[in-house]
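As a plain string of letters, each chain reads:
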Amino acid sequence: MVSLTIDGNVVQAEERTPLIKIAEKLGIRIPTLCYHPALEPYGTCRLCTVEVVKKGRARLVTACNYPAEEGIVVHTKSERVIKARKLIIELLLSRCSKAKVIQELAEEYGVKEPRFGEGDEDCILCGLCVRVCSEIVGANAISFTSRGIDREVSTPFHIASEECIGCGACAYLCPTDAIKLEDIKGTRKIERWDTSRPLQRCSICGNYFAPVAQLEYIKNRLNLPEEIFQNCPNCRRKSYAEQVAALGHI
Amino acid sequence: MSKIKSTEDFEKLQESVNKTRDPERLCITVCSGTGCHAYGCEKVTQAFVEEIRNRDLQDKVDIRTTGCHGFCERGPIVVIHPQEVFYQRVKVEDVADVVSETILKKNIVDRLLYVDPNTGKQIICEKDVPFYKKQRRIIFGNNALIDPTSIDDYIALGGYAALSKVLWEMKPLEVIDVIKKSGLRGRGGGGFPTGRKWEFCRNAEGDRRYVICNADEGDPGAYMDRSLLEGNPHSVLEGMIIGAYAIGSHQGFIYVRNEYPLAVKNVTIAIQQAREYGLLDRDIIGSGFDFEIKITRGGGAFVCGESTALMASLEGKLGEPRAKYVHTVEKGLWDNPTNLNNVETWANVPVIINKGWQWYSDIGTEHSKGTKIFSLVGKINNTGLIEVPMGISLREIIFDIGGGIPEGKKFKAVQTGGPSGGCIPESLLDLLVDFEKLTETGSMMGSGGMIVMDEDTCMVDVAKYFLNFLKEESCGKCVPCREGIRAMLEILTRITEGEGEEGDVELLQELSEVVAETSLCALGGTAPNPVLTTIKYFRDEYEAHIKEKRCPAGVCPALIQYSIDTERCTGCGACVKVCPQEAISGQRKQPHSLDQAKCIKCGACLEVCKFEAVIKR
């Protein structure tokens, strides 16, 4: 355990715990667009920038991946932090002027019109989609491509990827709603990745409930009862309830 | 060749190699660095081989293709030993004369000698050429003497003696102590003390340790690492093996750009030879120490020169940096303790072991020891690679070694440290070059690029050029670097196009500060340097562009105008012929006129006019 100070609060924490987690426990909110507790910190959006004073030297670091160290003093709202954060928001706004989440941040930090261009990109390149696909799902269907300002998230060679199982985890985590997921007439479509996957029909109610490819993917990895892959969650719940009721315990 | 299994074996090898070397024997060396290759050194070498064969001189004369001599401006370079006659810009047609005169009759071929432009005197020996006089070539010097594909050439000059000494006479901690005391600092840009880095890596927790040679040289105009790897690969290998022994590593990697085919080829041959001699892999020199080196070729992304991006690329992942809050000496390649040094740093190691740390630390300044190799390019008479002691002044580098600015033009600035370095003005020419002094100016040592600029250079345009390079080469991972550089470039472009506004300079400064402070890696952290230093030292040029809509150096097309001085124009029509836009018209022998609406400001008319009648404003 180490002892450190965050915004005047002296706290004990496991050594190397990311600062953002310690701040969260203290109820100190640090803005972020690329951090998710279930994923490895990536440090791209830089919004979680805080000031760390160590051995008398103050510098800006990112709270999502800066490890707790003995004796450090952390300021999450110093003038230097706010100034940096505001400019980062302005830069994000100049890239994605129409993204709601950015507009809200700009409002919160008092950032007006960006002084350098007004782009209408929808993706902020936070990488949540890439990381969830790789770290949690394990499909690795999407990745970053190109460099610098041309960087984007895409499937290999920008064509529909066989690896994409259509699970939609990417769409679920996207902070700017840049990834649209639609289930139309028995087919799941994720337009951004050119994904088109047939959906499985529930053997009980007949409703579509998950992409066949996703169910296959899970089946190959986990030893689960067959009905999980045949019946939708609603019907399964109903059938379990009926079974329990039949046992007479309720 | 049987493997060397003891120091006695090694000494025997040294003896047998030295026996074959007669210092009085005639030897023609032809520089075969990449620069000289571009000048056609291969054909020159072939011509020498044929000429020597035709005259039946094979038994009397050796021909050796060597690494880069550094004086690339004057290639192909040929030196005749033992007299050390220095011939420059040698062509195939000159070969017969060199052999018949210098080799056979000991006469000098005057036309191939270097002429000192200041004194008009011809110079016979390489060491007397002003370009070399103030240099101290302790790392780079052997390049000119050895054939990089011959391990015996390297051993004949004392090669691998340091390794033998280290493995048999020194404990790892003693080696680290020597490197620490020598004061050697990383030559890749950061300048971190090498001995301390080795110590951290040795002490870090982990079962496996890795050693990496960073040969992903990417700064525009910089090619010292390439020349070392191409010209003296064994010195780099020897440094790595010594480092690995000190750190306790058994696996090394050389990460080299695929755009450096000759370096890849020569280092591949060197590794093979070292293996055959028992200087690599298992039980090196019979000491029981194992170490192997693999070559990984990089795909040419500038950012992969950054240590964490390099390691990601080596692991087969996307070449982008990660945060270094936990250092790579603790968790580097595949999360194991990893020590990465640059090519030049590794090449310093055997020299320090051989000559001792006291000798080494006598060279240089208080905090920057030894020498540094710079690539001197741009508007300079003597383009090339130079090795100078730390603490030499910029003036000596540019005027004494570099021979000053071509065409009698005025010096304006020197950009040091690559694209993220800064531009240093004339007023600071007496600055003594070391890590601290360069950083104080707002620039940096970087890997040692030096781009000289003359009075015809627009400093706003220069800042724009470097930012454009960085925009292309930023990996794009973090917001401040990706979007910040883009925003700065937009502003700079606006200024050079005559659309600069009051407050733009302050906006650039504001962006610079945040980009430098919040970027994930050193690429973004230093990217604003070209902008900040040009604002600091050449603010008047920014003001002229913004307020007066004028480019003082006459570079930015949108801010210059060509016109014809009717007093001087003789109506010869030369400009009419070269103008691609048909913008110039007039009757023959009558003053012509230029239609501004059609002019694309290419400057062809100015170049062709013999009467100085075309005015650029």
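Small disclaimer: the values here were computed from a predicted structure and weren't measured. (Residues numbered from 1 in each chain as written. Chains lettered and ligands numbered in written order. Predicted model: local features only at pLDDT ≥ 70, side-chain atom pairs only at ≥ 80, totals over all residues.)

Some words on helix α12 (residues 261–276) of chain B
Helical geometry: 3.6 residues make up each α-helical turn, so side chains three or four residues apart lie on a common side. Residue and element names in this part refer to chain B. Basically, it comes down to this: In this description a helix means any DSSP run of H or I spanning at least four residues, a strand means any run of E spanning at least two, and both kinds are numbered starting from the N terminus. To estimate how far a helix should reach, multiply one less than its number of residues by 1.5 Å. Exposure in this text rests on C-beta crowding, where 20 or more other C-beta atoms within 10 Å of a residue's own make it buried, 12 or fewer make it exposed, and counts in between make it partly exposed. The C-beta atoms are placed from the backbone. Picture the helix axis, draw a direction to every C-beta atom, and the arc is the one those directions span. Residue pairs qualify as contacts under a 7 Å threshold applied to their C-beta atoms, which are placed from the backbone.
Across its 16 residues, α12 extends 23 Å between first and last C-alpha, which sits within 8% of the 22 Å expected from 1.5 Å per residue. Buried residues of α12: A263, N266, V267, A270, I271, Q273 and A274, and no others. For α12, the buried positions fall inside an angular range of 165 degrees around the axis, keeping them on one side. Buried residues along α12 sit in contact with α6 (151–156), β7 (210–215), α10 (224–231), α11 (233–247), β8 (251–257) and β9 (292–298). Backbone geometry just after α12 places G278 at a positive phi near 80 degrees.

Brief notes about the sheet that holds strand β4 (residues 57–62) of chain A
Residue and element names in this part refer to chain A. In plain terms, the rule: Strand pairing requires that DSSP identify at least two bridges connecting the strands. To obtain an axis, a line is fitted to C-alpha atoms, over the contacting stretch when the element is a helix, and the angle between two such axes runs from 0 to 180 degrees between their N-to-C directions.
In space, the 5 strands of this open sheet follow the order β2-β1-β5-β3-β4, with mixed pairing throughout. Two strands in the sheet have a free side with no partner beyond their single neighbour: β2 (9–13) and β4. Each strand of the sheet is rotated relative to its neighbour by a mean of 30 degrees, with strand direction disregarded. As paired strands, strand β1 (residues 2–6) and β2 are joined by 5 bridges and run antiparallel to one another. Residue pairing in the sheet places I6 in a bridge with N9 of β2. Packed onto the sheet, helix α2 (residues 79–95) meets β3 (49–54), β4 and β5 (73–75) and runs at close to 150 degrees relative to β3.

Considerations on the interface of chain B and chain A
Stated formally: Note that Gly is not counted as nonpolar here; it falls among the polar residues with everything else outside the nonpolar set of Ala, Val, Leu, Ile, Met, Phe, Trp, Tyr, Cys and Pro and the charged set of Asp, Glu, Lys and Arg.
Taken together, the contact pairs 28 residues of chain B with 27 residues of chain A. Those elements that place two or more of their residues in the side of chain B that touches chain A are α18 (459–473), α19 (479–496) and α20 (504–518) of chain B. Ranked by residue count, the leading element in the side of chain B that touches chain A is α19(B), at 9 residues. Considering only residue class, the side of chain B that touches chain A consists of 14 nonpolar, 4 polar and 10 charged.

Thoughts on the environment of T457(B)
The topology assignment puts T457(B) in the loop between β15 (449–454) and α18. Not counting residues up to four positions away in its chain, the partners in contact with T457(B) are K412(B), V462(B) and A553(B).

So, the nonpolar core
Inclusion rule: Joining buried Ala, Val, Leu, Ile, Met, Phe, Trp, Tyr and Cys residues through C-beta atoms within 7 Å gives a set, and that set is a nonpolar core.
C129(A), I241(B), I242(B) and M488(B) are the most contacted members of the largest nonpolar core, which has 238 residues in total. Discounting residues that sit within four places of it in the chain, I242(B) has contacts with A162(B), L163(B), V166(B), V175(B), V349(B), P350(B) and I353(B).

Description of the domain arrangement of chain B
Reports of interface size often rely on the accessible area that becomes lost once the parts have come together. All names here are of chain B. Where we set the bar: As annotated, the domain borders come from an automatic or database domain assignment.
Domain annotation of chain B identifies domain 1 (25–81 + 85–124), domain 2 (151–361), domain 3 (371–454), domain 4 (459–547) and domain 5 (561–616). Taken together, the contacts link 15 residues of domain 2 with 15 residues of domain 3. Looking at side-chain class alone, the side of domain 2 that touches domain 3 contains 4 nonpolar, 6 polar and 5 charged residues.

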